[in-house]
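# Remarks on the overall topology
These are the residues of each chain, in order.
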Amino acid sequence: MTECPDAEDALDSRREFLKAAGVSAVLTTSLAGCVGTEGGGGGGDTATTAADTGGETEATDDTETEATGSTETEDTGGDTTTATEESPDKVVVGQPASLTGKWDFLQPAVTQSTDLAVSEINDAGGPLGAKFEISRRDTAVKPQQARQVVQQLLNNDNAVAINGLFSSEIVPLWDFLKQQTTPIVTPWPGTRFLDTRGGDKGTPEKMNDDGWVWRTVIGDTVHTAGAAQAMYENDFQNVGILNGTSAGERGWADSFQQAFENLGGTVTKRVEVSEGQSSYQSSLNVLFQADFDAWALAAGLEDATTIIRDWSAGGYGKQLLLEDGLMDPDLIEAVGEEAEGAWIAAGSTQGPNYDAFKPKFSEAGDADIHTWGVAAYDATNVIALAIHRAGSTDPAAIEQHIGAVTREGGTTVSTFPEGKDALDAGDDINYEGAVTQVDFTQFGNVWGDVAVSTVSPDGFDEEFSIGADTLKQSIENY
Amino acid sequence: MALPLVQELIFGLVLGSFVALGAVGFTLVYGLVDMINFAHGEFITIGAFAGLVAVSTGGFGLPVALVVSFLVTAVVGWGIAQLIYEPLNDAGPIPLLLTSIGAGLALRNGMRLVAGPSARYLELPSPTTYRFDELGFFFTDQQMIVVGVALAAVVALHLFLSRTMLGISMRATADNEDLALVTGIDTKRVRHVVWLISSGLAGVAGVLLAVSRSANPSTGFDQLLLILTAAILGGAGSPYGAVVGAYLLGIGISLAITFLPTAVSDFGTTMAFVVLIAVLLVRPGGIVNQEVRSS
């Protein structure tokens, strides 16, 4: 190998500088993706396991936190009559989590309610008499990292089902996720992509048409229909839209636009913005050159905060509608005054068993509650009940029993202990959740009311809600 | 009568000011230390958090926060350079570059561990808006502060480089370090000063970004590509070129957002880079058209 005597001289040339800088930029960006730079956690290299935590063990970033303080509840004798010869010592469910990244502020409530459900499940003896564990790994809501995490959860942690994954992860990884033939019950995704793709298509015995993804939160189609209806019925006939470019934000904007136009409204102008800018004044200026009565904003919290500040400073005015993902106390803290009077339409957090869930959640920790947090409680219970009804930890068997424990018919239950007792007694069950009825459609979706709140410096004040039955009339395939 | 493009120019100047403060420091290090410091973004982040602490914990106003950030980041940046970069000085530019990438990663994730991943916001009074509706533009006092601080920093740097012996020594070192050494210039001292100024300016940029946006572990990293682009566009190694490049970039992005079809308006930043590539193809030396010194 020969040395290159001209190396230093070559570096001095502009082109070499560019080359070195360019390669370095790519390398840096690559490393950012792999090693977890944007608060990125190490590609899921570490897992947080929660079992019997009672919500007291909060997952921390990149920290191996084996749950402590467990009260062993495995094999609780005669209580678990459903347990078959396959009864394992423990059942692991994987939870891809947003421990870091731009949606990390939503994870604490999801962690807390998941751990709450795990605690209740194990206190009741667990599915099939086995200890029920959650293995939690950070995806930072990045598709490539999520793909790696799912592989780790299934292959390293032996997870039999997945409890998590965002729209931004599911859409690009769809084929990969289906190939895993493992049920995914997730509290996160709102994407319209799932409107007709998930679930068992109403044929649990026939698996080749299954989408394997079930969501316990209402889809964007439903709550954007609610948002569009709220706007249109309050005399906002023309709107502008400013949205980010991630799949979730773009999907929300698409869905809202379609629903609003179906009602007869007009989207006068729509502007997309790339994320992470220090100022959005140029984009706002372009948007507000159009004539409209109100505008909708779909962006991550930090970008939305900057946009709202710029909007307020620019004195652009007009009624503001925020995407549901921004319903977070951090938004109030950052721009509660600037955004005062803005509307936000989100799936109601208050399902049929919310009142029973809420005090338990508050006791379990200090996370701020939100829709996805409540939906995570439902997702966890659904998985555990499906395992118990299946009498097996085989992912295909679990998939086949998700519909059976949630759809109408049978004894109504709202927690795992109730459901386990009913199943052990030989009854069919219908799990009713804390955030929705959790009556899965054939595509693995749920219906729910949409609550419209206004932003004030003190928080979100619910103004009115639009019932699921009303929204069903305007949505065909879901 | 509305004046055309004035509003876009104002937005571009504000964006350019953020970039200019970062790009000047970045290009100073490149020109005098002969190193591409990819941890420069993290120096900006350190400044953002220093400003946050000064305002939120110390209860100080923005002027004090700017001074505190300048000083803290200058010292921390200089310390990091002495600890990590200077011992590798003889290893050549490529090892230094790779080391800086590693240092950036370590700093970014270190800050995330210490400060948490969430964005923190500076609690400052809401900006006052000055509207000139007949002329078709507005600006806020916050925007003026951003532009004013950047311009003040550039003028101060110019005076330092042109009116002080140390500044003249820096320019001499940038031109030819060996010759500067022979003529009695303490080039080691010059390098110390370069790290202090470069890091300090990054800290100032960090505070302004925190005011405009927020402080989080990737505050500076998110701006790194813009900074790098401005430095190259202006002519790497030239602080004056970096300033011009930063403002051209800021205005270019602002105009691209305005004039591109709204369906692709998020390509504004991309278009700026397209322009950059075109400029470099025509004029590889950047705006100042000046090759960087041989080390």
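In every chain, residue numbers begin from 1 and rise along the written sequence. Chain labels run from A onward and ligand labels from 1 onward, assigned in the order the entries are written. Local features in a predicted model are, by the rule used here, given only for residues with pLDDT of at least 70; side-chain atom pairs are given and counted only at 80 or more, and totals for whole chains, interfaces and linings are based on all residues. Each side-chain value is worked out from all heavy atoms of the structure, with water and hydrogens disregarded.

## Re helix α2 (residues 40–57) of chain B
A run of H or I in DSSP counts as a helix once it spans at least four residues, and a run of E counts as a strand once it spans at least two, with each numbered from the N terminus. Under the convention used throughout, the expected extent of a helix is 1.5 Å for every residue step, that is, one less than its residue count. The end-to-end C-alpha distance of α2(B), which contains 18 residues, comes to 25 Å, matching closely the 26 Å that a straight helix rising 1.5 Å per residue would cover. Note on exposure labels: buried denotes an accessible area under 20% of the residue type's maximum, exposed denotes more than 50%, and partly exposed covers the range between, all computed with a 1.4 Å probe on protein chains only. Of all 18 residues in α2(B), 15 are buried; the element is thus mostly enclosed.

## Considerations on the packing of aromatic side chains
Classification of ring pairs uses Phe, Tyr and Trp, with its six-membered ring standing for Trp, and accepts pairs whose centres are within 6.5 Å; under 30 degrees between planes counts as stacked, over 60 as edge-to-face, and the remaining range as tilted. Inspection of the entire model under this criterion finds 23 aromatic pairs over all chains. Pairing A:Phe288 with A:Trp295 gives two aromatic rings, centres 5.5 Å apart and planes at 75 degrees, and the pair type is edge-to-face. Grouping residues by exposure puts A:Phe288 and A:Trp295 together as buried. An aromatic cluster is defined as three or more aromatic residues linked by ring pairs; in this entry it consists of A:Phe288, A:Phe292, A:Trp295, A:Trp311, A:Tyr316, B:Phe11 and B:Phe138. Here the guanidinium or amino end of A:Arg197 rests over the ring plane of A:Phe193, the centre of that ring lying 3.8 Å away. A ring is scored as having a charge over it whenever the NZ atom of a lysine or the CZ atom of an arginine sits within 6 Å of its centre and within 35 degrees of its normal.

## Observations concerning the sheet that holds strand β7 (residues 238–244) of chain A
Hydrogen bonding along the main chain pairs the strands of a sheet, whether they run parallel or antiparallel. All names here are of chain A. Here a strand pair is declared whenever DSSP counts at least two bridges between the two strands. Strands sit in the order β8-β7-β9-β10-β11-β14-β15 across an open sheet of seven strands; the sheet is mixed. At either margin of the open sheet sits one strand with a lone partner, and together these are β8 (266–273) and β15 (459–466). Within the sheet, the average angular offset between the axes of one strand and its neighbour, ignoring direction, is 25 degrees. Pairing of β7 with strand β9 (residues 294–298), which is carried by five bridges, proceeds in the parallel orientation. Counted as the bridge partner of Gly-240 is Trp-295 from β9. Contact definition: two residues touch when any of their heavy atoms are within 4.5 Å. Lines fitted to C-alpha atoms define the axes here, with helix axes fitted over just the stretch in contact, and angles between the N-to-C directions of these axes take values from 0 to 180 degrees. Helix α8 (residues 247–262) rests against β7, β8, β9 and β10 (319–322) of the sheet, and its axis sits at about 165 degrees to β7. Across the sheet, helix α10 (residues 301–314) is in contact with β7, β8, β9 and β10; its angle to β9 comes to roughly 155 degrees.

## Focus on the pairing of strand β3 (residues 131–138) of chain A
All names here are of chain A. Here β3 lies mainly inside the structure; eight of its eight residues are buried. Judged by which residues are buried, β3 turns out to be covered on both faces: Lys-131, Glu-133, Ser-135 and Arg-137 on one side and Phe-132, Ile-134, Arg-136 and Asp-138 on the other are all buried. Relative to β3, strand β2 (residues 90–97) is paired through eight bridges, and the arrangement is parallel. Within β3, the residue paired with Val-93 across the bridge is Ile-134. In this region the chain leaves β2, passes through helix α3 (residues 107–123) and returns to the parallel neighbour β3; the handedness of that crossover is right-handed. Looking down the strands as they point away from you, a crossover is right-handed if its path from the first strand over the helix to the second goes clockwise.

## Thoughts on the packing of helix α5 (residues 141–163) of chain B against helix α10 (residues 239–259) of chain B
Residue and element names in this part refer to chain B. Where α5 contacts α10, the two axes come as close as 11 Å, and the packing angle between them is 165 degrees. Taken together, the axis directions place α5 and α10 in an arrangement best described as roughly antiparallel. The crossing of α5 and α10 is left-handed. When α5 is examined against α10, the residues Val-147, Ala-150, Leu-151, Val-154, Leu-157, His-158 and Leu-161 are found in contact with a partner set consisting of Pro-239, Tyr-240, Val-243 and Tyr-247. Of the residues assigned to the contact of α5 with α10, the class counts are 10 nonpolar, one polar and no charged. In these notes the angle categories are as follows: under 35 degrees is roughly parallel, over 145 is roughly antiparallel, 65 to 115 is roughly perpendicular, and the rest is oblique. Helix crossings get a hand from a simple test, with the near helix turned counterclockwise from the far one by less than a right angle marking a left-handed crossing and a clockwise turn marking a right-handed one. Residue polarity follows a fixed list, in which Ala, Val, Leu, Ile, Met, Phe, Trp, Tyr, Cys and Pro are nonpolar, Asp, Glu, Lys and Arg are charged, and the others, Gly among them, are polar.

Limitation: the analysis is restricted to geometry and does not speak to function.
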